[in-house]
Amino acid sequence: MSVADRQNRATRIAGAELAPAWLPAAGDVNRLVPAMWADDVERGPRGELTISGVPVGELKARFGTPLFVMSEGDFRHRARMFKDAFDNAFADICGGVDVYYAGKSFLCTEVARWVDSEGLRLDTCSGGELAVATRAGLTGGKLGLHGNNKSDAEINRALDLGLGRIVVDSLHELRRVADLAAAKAVTANVMLRVTPGVHAHTHESIATAHEDQKFGLSLVSPETGSTAELSAAEAAAKLAVESGSINFLGFHAHIGSQIFEAEGFEIAARKLLTFTHDIQARYGVTLRELDLGGGYGIAYTAVDTPRPAAEIARAMAAVVRQTCAELGMAAPRISIEPGRAIVGPSTFTLYETGTLKTVQVEVDGQAGVTAPRRYVSVDGGMSDNPRPVLYDADYSAVVAGRASQAAPALSRVVGKHCESGDIVVRDVYLPNDVAAGDLLAVPGTGAYCWALASNYNYVPRPPVVAVKDGAARLIVRGETEDDLLARDLGAWKPLTERNTTGTTVPAETRTLKVALLGAGNVGSQVARILLEDADSLAARTGARLELAGIAVRNIDAPRDVELPRELFTTDASALVRGADVVIELMGGLEPARALILEAIEHGATVVTGNKALLAVDGPSLYEKADAAGVQLSYEAAVAGAIPILRPIRDSLAGDKITRVMGIVNGTTNFILDQMDTTGAPFADALAQATRLGYAEADPTADIEGHDAAAKGAILASLSFHTRFALEDVHCQGITSVTAADVAAAKDAGFVIKLLAIAEKLPVPAPSGKDDGGHSSGVSVRVHPTLLPREHPLAAVHGAFNAVFIEAESAGQLMFYGQGAGGTPTASAVLGDVVSAARRLVLGGPGRTETTTGVLPVLGIEAVTTQYYIGLDAADQPGVLAKISALFAEHGVSIETMRQTVHRERDADGDGGAGSAELRIVTHRASEAALAATVQAIKGLDIINSVTSVLRVEGV
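These numbers come from a predicted model, not from an experiment. (Residues numbered from 1 in each chain as written. Predicted model: local features only at pLDDT ≥ 70, side-chain atom pairs only at ≥ 80, totals over all residues. Heavy atoms only, no water.)

Draft legend 1. Looking closely at the pattern of salt bridges. By the definition in use, this model includes 45 salt bridges. Two residues, Glu118 and Arg76, come together in a salt bridge whose shortest N-O distance is 2.8 Å. Linking Glu118 in the loop between helix H4 (109–117) and strand S6 (121–124) with Arg76 in helix H3 (residues 72–94), this pair joins segments that are 42 residues apart in sequence. Residue class for Arg76 comes out buried when judged on its relative accessible area of 17%. Notably, a salt bridge pairs Glu532 with Arg528, separated by 2.9 Å at the nearest N-O pair. Of the two residues, Glu532 and Arg528 are both situated in helix H14 (residues 521–532); the distance of 4 residues between them amounts to about one turn of the helix. For Arg528, a relative accessible area of 24% translates into the label partly exposed. (Salt bridge = Lys/Arg side-chain N within 4 Å of Asp/Glu carboxyl O. Helix = DSSP H or I, 4+ residues; strand = E, 2+ residues; numbered from the N terminus. Buried < 20%, exposed > 50% of the residue type's maximum accessible area, 1.4 Å probe, protein only.)

Draft legend 2. Just the packing of helix H8 (residues 232–242) against helix H9 (residues 263–283), in detail. It is the contact of H8 with H9, at a shortest axis distance of 11 Å, that shows an interaxial angle of 45°. Taken as axis vectors, H8 and H9 run oblique relative to one another. Pair H8 / H9 crosses with right-handed handedness. Here Ala233, Glu234, Ala237, Lys238 and Val241 of H8 come into contact with H9, specifically with Phe275, Ile279, Arg282 and Tyr283. Across the contact of H8 with H9, the residue classes break down as 6 nonpolar, no polar and 3 charged. (Axes fitted to C-alpha atoms, helices over the stretch in contact; angles between N-to-C directions. Parallel < 35°, antiparallel > 145°, perpendicular 65-115°, else oblique. Left-handed = near helix turned anticlockwise from the far one by under 90°. Contact = heavy atoms within 4.5 Å. Nonpolar A, V, L, I, M, F, W, Y, C, P; charged D, E, K, R; others polar.)

Draft legend 3. A look at unusual backbone geometry. The omega angle of the peptide bond from Thr65 to Pro66 is -5°, so this bond is cis rather than trans. Inspection of the secondary structure puts Pro66 in the loop between helix H2 (56–63) and strand S4 (67–71). Cis geometry marks the peptide bond from Glu590 to Pro591, where omega comes out at 10°. With respect to the secondary-structure elements, Pro591 resides in the loop between strand S27 (581–584) and helix H17 (592–601). The phi dihedral of Ala185 is positive, around 60°, even though this residue is not glycine.

Draft legend 4. Region of the structure containing the nonpolar core. Counting 109 residues, the largest nonpolar core has Phe86, Phe90, Tyr101, Val111, Leu192 and Phe251 as the members making the most contacts within it. A per-element tally of this core places H3 first, with 9 residues. Aside from chain neighbours lying at most four places away, what touches Phe251 is Met191, Leu192, Val194, Ala237, Leu272, Phe275, Thr276, Ile279, Leu287, Glu289, Leu290 and Asp291. Judged by nonpolar contacts, the second largest core, of 79 residues, contains Val582, Tyr634, Phe750 and Phe815. (Core = buried A, V, L, I, M, F, W, Y, C linked by side-chain atoms within 4.5 Å.)

Have a look at this one:
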């Protein structure tokens, strides 16, 4: 390029004269410097920035701006890169390296889980960070606690959790840790942080290895106020060795942050290894660990050149190998603490531009010469990135929503706060056609931006979105004005606005993506209500529930409800990955189970009505949902429209349920009700149920009790805080119930119902003590049951359901309503959806069910109840006496006995041989005693058959 060309270009680049010396000359304003961005960030065909294939415009529409956008894949890749690089470099020295992710850079429960799943450990600096880690499921051995001024509460928490290490900063703190550990009769795992005096050549506020700063124990000077001649580090080492409550692991050093060269790490390693060697020799102790800290730099601008992790690892390993050989000592286990280098480049902040203005600024050294500087304001600022203010940190930026052919112009990106120092990017070349409403992306904001964010000017902190495999999901909810006012005790209600329909909708209404899996009778009604009642649901939840799609096997299948064709898809997995709430109404075990697990993995709330899946695999799903901190709700899985699970889980949470007894299958209730009211035999009643649509073409699951058993397992799990699977439920259907049984029961003042019963029973086992001092367990059973006609459940007719609950304080409660049908069941599904949406708006982890007590599962043999036995016996003298004797022999007492004689006439018209139909009701007896009695009766030669054995409840 000629001199004239260069002069002409400088003229076209507005403000170039004001650019700092380090800023490269303006080039392609659309270029993405690879070192500054996550690996999966690129420009799409139209120039729009995408991350893992998701356009930033879509992210803006779903989540708003400002927005922290994180690549999960890039984060995981960088975590593995550090682990593999250091393990390989140190394999022959100490067998590998323990990599502690520095949680202070950015931490949330989802990130903590990523760290754990990639084989890293987690370094925390406060009780709050420990709370996040433990909520994410990390155990004590995988955690460390840092900080120069830990409270007693934080130290006690670390001791209670059995942390892998507590990094101690001073003699005073070491004494407190030792005393607190001794008081608990535990041993504290301790590392001593020392200041090796190595300057990291970074900003004064982030250089942490020189003497004049708050961190660490000096290697050369006694601690202030100490009369000992030992250095502070050696005095602490001596105390740690001599303390009976300290497990002294070794030393720790951190030389600073944003370091690009390995030289500082190498010098620090030599000094620490030499000091370790001296302490071991002097005090006769073996120190097994040495932490060389973190602080590895990243590219914030095009001129930053971070060294690859493998290169740093090899350089550090060479120093450790050589120094240990020179000292003749075995190498301790090395650990490092990358944070920024993992999370920083994986994240960018997305802003929307607003006010723009250009000012004339005098050029340094050129009196009277001015150049234009353009100010580009964005909708965030120092509240989401205070690093430029704190550390004079430099960043870069690009227009993200489009490509531009305009010439570059030197720009300063500033925030919306009332501070002249509210600068996001001090100097950057942006296209001179940038305008209000453009999307702007600032890379490298994963570390110490959200972590240092504030509410200055009462600006809510932004959300954090994780993107993976073409789907985006919230991992940290953004704050709302309601959140800001929640702690203000003078604020009493959220701001609202009135929409055109007259429904009050929260002013800051979020949009939640809802994925619907299945569009049968229930699913179609759920979709209809979501579409028709969108404003009403938004007003009740504080979030707009957007039906993102409906996954079905056949898009063209006929449906009772007409729904927009564009909502349907056959790619259920893709739909799940982009959803905030997933409604599973497919039924069956697979692919429903796989899709629910995928939704949980992506952090989505799940609502399901799949009783069969919950009964078979519920415990596993509940555990995975709790571990992921997401809600798994299933009100529709038990009794259709009847709100039963939420009252058990919430309204009765302060009580103790002793018994749950319910009619939870409408098909069988209709059949038995028909047999009772019309005298129809079983086959005719079943045929009528099929004609009316109450019974499926294959009614096996209903009439054999399997459906009721699945619901019984769910009810029992919630009621008794103990997880039950389908195989834990004794199950007997209604196919053996005859018209004669129903008539006899009716004659005796009973009605026959198929009941699911879960109850707490005394057992001799040593576990599960109840308030009465007796051991207890839980029996769950489904079977035909005789109920007195005055019992509330006896009045449940047709295909209706009802659940009867007995609790210690609340007494007897009954819940009654339609147990099936598209619209009624859709009501239960949407109740769960609204509850989930409210939780997502308010924040906080989901909780599926509590398992505060794990009671033993009791078989049917532990049950004690009354029984109805039907016998066909010979009509001859002594029959009743023999039967009564067998009952007495097995300890079963007879309450009532009715006999009906059926006699055949001989050829002369006289009475011939006859039989006696016996109907016996016992007093309360154990299942085992009754079974033995029946078996003995079958052996009598006077017994033609045992026609029925039914249990009696509610007497």
